[in-house]
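Chain and residue survey
This is what each chain is made of:
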Amino acid sequence: IAAISEILERDLIRHGREMGQHLKARLEAMAEKFGIFGDIRGKGLFLGIEFVRNPVTKERFPANPGFGIRVGRRALEYGLLTRFDPHWLAVGPALIVTAEHIDEIVATLDRCIGEVLETVNG
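Residues numbered from 1 in each chain as written. Predicted model: local features only at pLDDT ≥ 70, side-chain atom pairs only at ≥ 80, totals over all residues. Heavy atoms only, no water.

Describing the overall build of the protein chain
Counting its secondary structure elements, the protein chain contains 4 helices and 4 strands. Starting at the N terminus and walking to the C terminus, you meet the elements of the protein chain as α-α-β-β-α-β-β-α. Along the first, second and third principal axes, the C-alpha atoms of the protein chain reach 50 × 30 × 20 Å. In the protein chain, buried positions account for 39% of the 122 residues. When contacts within the protein chain are restricted to residue pairs at least 6 apart in sequence, those whose partners lie at least 24 apart make up 56%. Carbon and sulfur atoms form 54% of the exposed surface of the protein chain, whose accessible area is close to 7,200 Å². Across the protein chain, the centroid of the 16 positively charged side chains sits 5 Å from that of the 17 negatively charged ones. (Helix = DSSP H or I, 4+ residues; strand = E, 2+ residues; numbered from the N terminus. Buried < 20%, exposed > 50% of the residue type's maximum accessible area, 1.4 Å probe, protein only. Contact = heavy atoms within 4.5 Å. Areas by Shrake-Rupley, 256 points an atom, 1.4 Å probe, with all protein chains shown as cover. Lys, Arg positive; Asp, Glu negative; His and termini not counted. Charge placed at Lys NZ, Arg CZ, Asp CG, Glu CD.)

Description of the pattern of salt bridges
Applying the stated criterion to the full structure yields 11 salt bridges. Here Arg14 makes a salt bridge to Asp11, at a shortest N to O gap of 2.7 Å. Its relative accessible area of 34% is what places Arg14 among the partly exposed residues. The exposure class of Asp11 is partly exposed, given its relative accessible area of 33%. Residue Glu50 pairs with Arg41 through a salt bridge whose shortest N-O separation is 3.9 Å. When its relative accessible area of 14% is taken as the criterion, Glu50 is described as buried. With relative accessibility at 46%, the residue Arg41 sits in the partly exposed group. (Salt bridge = Lys/Arg side-chain N within 4 Å of Asp/Glu carboxyl O.)

Some points on the nonpolar core
Ranked by internal contacts, the top residues of the largest apolar core, which has 29 residues, are Leu27, Ile36, Phe37, Phe51, Phe67 and Ile113. Where this core is concerned, the elements lending two or more residues are α2 (12–34), β1 (37–43), β2 (46–51), α3 (67–77), β4 (88–91) and α4 (99–121). Per-element tally for this core: the top contributor is α4, with 8 residues. (Core = buried A, V, L, I, M, F, W, Y, C linked by side-chain atoms within 4.5 Å.)

Thoughts on the environment of Leu12
Locating Leu12 in the fold gives a position in helix α2. According to the relative accessible area criterion, Leu12 is buried, its value standing at 8%. Along the sequence, Leu12 and Ala94 sit 82 residues apart, while their C-alpha atoms lie 9.7 Å from each other. Non-local contacts of Leu12, meaning those with residues more than four positions away in its chain, are made with Glu6, Ile7, Leu95 and Ile96.

A closer look at the side chain of Glu50
If you trace the backbone, Glu50 turns up in strand β2. Apart from the residues within four sequence positions on either side, Glu50 is in contact with Ile36, Phe37, Gly38, Asp39, Arg41, His87 and Trp88.

Comments concerning the side chain of Thr108
If you trace the backbone, Thr108 turns up in helix α4. With a relative accessible area of 17%, Thr108 lands in the buried category.

Some points on the packing of α2 against α4
In the contact formed by α2 and α4, the axes pass within 10 Å of each other and the chain directions differ by 25°. Relative to α4, α2 is oriented roughly parallel. α2 and α4 meet at a crossing whose hand is right-handed. For the pair α2 and α4, contact is made by Met19, His22, Leu23, Arg26, Leu27, Met30, Lys33 and Phe34 and by Ala99, Ile102, Asp103, Val106, Leu109, Asp110, Ile113, Gly114 and Leu117, respectively. When the residues that make up the contact of α2 with α4 are grouped by side-chain class, the tally is 11 nonpolar, 2 polar and 4 charged. (Axes fitted to C-alpha atoms, helices over the stretch in contact; angles between N-to-C directions. Parallel < 35°, antiparallel > 145°, perpendicular 65-115°, else oblique. Left-handed = near helix turned anticlockwise from the far one by under 90°. Nonpolar A, V, L, I, M, F, W, Y, C, P; charged D, E, K, R; others polar.)

Written as structure tokens, this is what we have:
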């Protein structure tokens, strides 16, 4: 009951929706920068990125070990916990996340994706 009261009193559902929009906008900007996002999907603060070699044809990166796994592991090295598999990565920050925290999450992902891309593109 205390948790539900906190959610209602702090209007965390609205806050989560607003922060989710901020997160999605930042990920969409990153998609333009890298050109390897097949899709960004999810709802609110729980969003996933599909990684593809070619966003038009949706050609995937090789599955072993997989681009998503490489980015996810690199994120862990920088202290960012995500969910990932060979072809995607998802983030799901807490409802109390701030815009500054989201910017930090996106900056870390940006760094990780860039570093992994350097090893892929050689």
